[in-house]
Amino acid sequence: MTMTTLQACNLVLFGALGDLSRRKLLPALYQLDRAGLLHADTEIIGMARDSLDDQSFRQVMLENFQRFVSKDDLADQQALERFCARVHYIGTDLTKVEGYLPLAERLQQSGRTSVCYLATPPGIFGAICECLQGSGAINSDTRIVLEKPLGKDLASSKVINDQVARFFQESQIYRIDHYLGKETVQNLIALRFANNLFGSQWNQNHIDHVQITVAEEVGAEGRWSYYDKSGQMRDMVQNHLLQLLCLIAMDPPSELSADSIRDEKLKVLRALKPITADRLSQQVVRGQYVAGNIQGKAVPGYLEEDGANPHSTTETFVAIKAEIANWRWAGVPFYLRTGKRMPTKWSEIIIHFKQQPHYIFAPEQRNLASNKLIIRLQPDEGISLQVATKDQGLDKGMRLRSGPLSLNFSEAFHQDRIPDAYERLLLEVLQGNQALFVRRDEVEYAWKWVDTIIKGWDELNEPPKKYQAGTWGPVSSIALISRDGRAWHEDA
Ligand code: BG6
C-alpha cells in the first residue's frame, strides 16, 4: 500500500488467453500504463497453449479491450501503442519444460525482477513451478502470484501450497483475493486506524453487531460446471467474506507492514468459533435459487441453467451468524450473507453501534437513535454514518430524524473512475508489497473453519433451501437474524 519508485519487471502471465486475463488482468495492466505506473522497461509476456505470435496475441488483446475497457480510456492511441509494444507472447504446453526455454533465455538476459502470474487452474500450478525451475527461468528474486481457488478444502489447499513451496519462499508468494484490492476495502484500514472516533469505539462495549452482505445479480450461467464444484461457501465465503471480516475485526497492527497486518488477521481467523453440525440450524442458512425475475427480466433457476445437473444440491446462497471468541468481540455477532441472483449487485459492511444507555426521546422513535456505519464496497464506493438529528421545523418539536453523514469517493475526490481491484493488486506485486495478499496460514485457517461447516452439511445431508431469483435469499435467512431481535439492513 505504499508508493515506491517504479521498478522495471518482467511480468509473465500464465493463462494469458483465459477469461481472467482477458477481462481483468490485461485491461488492468493497460490502465496502470496509462496512469504512468509501469516502468518504461517493464515487459509483459503472455504464456498459453495456443500458438500465436506477438502480433496476433496483441490483436486478440485489443479486441478484448473493446469489451472490457471503456471507449474513453481507449481513445489515447499513443498509450495503446506504448502498451502493445510491451506485450509479447509464447505459445506452449504449460506443463512441458522445453517450451519454457525461450522464456528462461529472455528473463535471464533482461536481468530484471520477474513476476509470474498464474491465472490458470490450480491443478497445473505445481507443473508450472517445476518447469520454471527446470528451465532456469526463476531465481530467488522471482515473485509468484496465485489465483484462487486455492483448493476446495484444507487438505487440497495444503497440497497446492506445498507444491509451490518446493520452489518459492513464502516471501516470494502473492496469493490473490481480489476483494483486498477494492478501494473501499483498503479504506477500512484508514478508517479504523487513522480515526480515533472509530478506533476508540471498535469493540463489544460500543458495537452491537456487524453485517456483511455481498450480493450478486449474476447467476452461475456460463460457468455452471466450475461453479457447481465449489458453491457460494467455497467460492465467496472462504476467501472474500472472511477477509472482510478479518479487516473489520482485527486488532490494530503495530505498523503497516505486510506481516503485521497478516498476523492480526490470522488471530481473528483462529478465534472464529467453529460451527459444528449441532449449531447449523441456528447459525447457517444454505440456499439455491429457483427461477424468478431480476429488474423485470425473467431468469432461470440454478438447476435449469445451461449444462446444469438437475439434481445438484450445491448452494448459491449462504447466511452465517459468525462469532469471534476474544475480548474485543465477545457477544458481538457478525452476520455474513452472500448469494447469486439477488435483486442487485450490492456489497456493504454495516457496523451497528449500541444505543445510548439512557433514552429520553419519543418511545416510538427509539430505533432511530442508534448509529450505523455503512461501508459501501460496490456500487458507488463510499462510507456513510447514520446519525440521529432533530427534525427541522417549528411544528416538529423534538422529533428525531436519522440521516447520513456521507462520503461518496468518486464525488468527494472528483475521480472519474475508481481503479479496479486488479490494478491495485498488480501494482503492489510489481512494487513487491505483500500486505494486500493472503499468507498461507490465513488461507489454511479459513479453510479449517469453512470445512467444519461443510462437514456438518454433509452429515445432515439436507438439500439447500430454495429462494426465488431476484430476492434476498431463503426466508430462513431472515429468521437467522430476527431470532436475535435484529434485521438485515435493507429490511430495517
Ligand atoms: C469471484 C467469484 O472470486 O468473485 C465469482 O469466483 C464472483 O463467483 C466474483 O462472481 C465477485 O467479484 P466482484 O468483484 O464482482 O464482487
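Residues numbered from 1 in each chain as written. Predicted model: local features only at pLDDT ≥ 70, side-chain atom pairs only at ≥ 80, totals over all residues. Heavy atoms only, no water.

Brief notes about the packing of aromatic side chains
Inference 1: According to the stated counting rule, one finds 16 aromatic pairs in the structure shown.
Inference 2: An angle of 55° between the planes, with centres 5.5 Å apart, marks the rings of phenylalanine 317 and tyrosine 467 as tilted. Residue phenylalanine 317 is found in strand E11 (residues 317–322), and its partner tyrosine 467 is found in strand E17 (residues 465–468); the two are separated by 150 residues along the sequence.
Inference 3: Here a set of aromatic residues connected by ring pairs shows up, and it is made of Trp224, Tyr227, Tyr289, Tyr302, Phe317 and Tyr467.
Inference 4: Its end group placed over the ring of tyrosine 179, lysine 182 keeps NZ or CZ at 4.5 Å from the ring centre.
Inference 5: Over the aromatic face of tryptophan 457 sits the side chain of arginine 286, whose NZ or CZ is 4.6 Å from the ring centroid. (Phe/Tyr/Trp six-rings, centres within 6.5 Å; stacked < 30°, edge-to-face > 60°. Helix = DSSP H or I, 4+ residues; strand = E, 2+ residues; numbered from the N terminus. Lys NZ or Arg CZ within 6 Å of the ring centre and 35° of its normal.)

Some words on the site of the ligand
Inference 1: Taken together, Lys148, His178, Tyr179, Lys182, Glu216, Arg223, Asp235, Met236, His240, Lys340, Lys345 and Gln378 are the residues near the ligand.
Inference 2: Contact between the ligand and glutamate 216: an oxygen atom at 2.4 Å from a side-chain N or O atom of the residue.
Inference 3: One of the side-chain N or O atoms of lysine 340 is found 2.9 Å from an oxygen atom in the ligand.
Inference 4: For the ligand, whose accessible area on its own is 400 Å², the fraction buried by protein is 80%.
Inference 5: Ranked by residue count, the leading element in the shell around the ligand is helix H10 (residues 224–249), at 3 residues.
Inference 6: Split by residue class, the shell around the ligand holds 2 nonpolar, 3 polar and 7 charged. (Near = heavy atom within 4 Å. Polar contact = N/O pair within 3.5 Å; in protein donor to acceptor, adjacent residues only side chain to side chain. Areas by Shrake-Rupley, 256 points an atom, 1.4 Å probe, with all protein chains shown as cover. Nonpolar A, V, L, I, M, F, W, Y, C, P; charged D, E, K, R; others polar.)

With respect to the UniProt feature "active site" (unreviewed entry) in the protein chain
Inference 1: What UniProt calls "active site" (unreviewed entry) maps, in this numbering, to His240.
Inference 2: Along the polypeptide, histidine 240 turns up in helix H10.
Inference 3: For histidine 240, a relative accessible area of 2% puts it in the buried group.
Inference 4: Once you skip the residues sitting within four places of it in the chain, histidine 240 turns out to touch Lys148, Asp177, His178, Tyr179 and Asp235.
Inference 5: At 3.4 Å, the side chain of histidine 240 forms a polar contact with the side chain of asparagine 239. (UniProt positions renumbered as here; feature names shortened; annotations may be inferred. Buried < 20%, exposed > 50% of the residue type's maximum accessible area, 1.4 Å probe, protein only. Contact = heavy atoms within 4.5 Å.)

Considerations on the nonpolar core
Inference 1: By size, the foremost hydrophobic cluster in this structure holds 127 residues, and its most contacted members are Phe14, Leu103, Ile320 and Phe334.
Inference 2: With 17 residues, the next largest nonpolar core counts Ala215, Ala220, Tyr289 and Tyr335 among its residues. (Core = buried A, V, L, I, M, F, W, Y, C linked by side-chain atoms within 4.5 Å.)

Digging into the sheet that holds strand E6 (residues 173–175)
Inference 1: As summarised here, the arrangement of the 6 strands in space is E3-E2-E1-E4-E5-E6, forming an open sheet in which the pairing is parallel. The two strands at the open ends of the sheet, each matched to only one other strand, are strand E3 (87–91) and E6. Along the sheet, successive strands turn relative to each other by an average axial angle of 20°, direction set aside.
Inference 2: In terms of strand pairing, strand E1 (residues 9–14) meets strand E2 (residues 43–48) through 5 bridges, oriented parallel. Residue phenylalanine 14 lies in a different strand from E2, and its bridge partner there is methionine 47.
Inference 3: Against the sheet, helix H4 (residues 77–86) touches E2 and E3, its axis set at about 35° to E3. (Pairing = 2+ DSSP bridges. Axes fitted to C-alpha atoms, helices over the stretch in contact; angles between N-to-C directions.)

With respect to helix H16 (residues 475–482)
Inference 1: Inspection of H16 places Ser477, Leu480 and Ile481 among the buried residues, and these make up the whole buried set. For H16, the arc enclosing every buried residue in end-on projection is 85°, short of the 170-degree limit, so these residues lie on one face.
Inference 2: Buried positions along H16 lie against strand E7 (207–215), helix H12 (280–283), strand E8 (284–290), E11 and strand E12 (334–339). (Arc of directions from axis to C-beta.)

Brief notes about the environment of leucine 426
Inference 1: Along the polypeptide, leucine 426 turns up in helix H14 (residues 421–430).
Inference 2: The sequence separation of leucine 426 and serine 21 amounts to 405 residues, and the corresponding C-alpha distance is 12 Å.
Inference 3: Discounting residues that sit within four places of it in the chain, leucine 426 has contacts with Leu11, Leu25, Ala28, Leu29, Leu32 and Tyr117.

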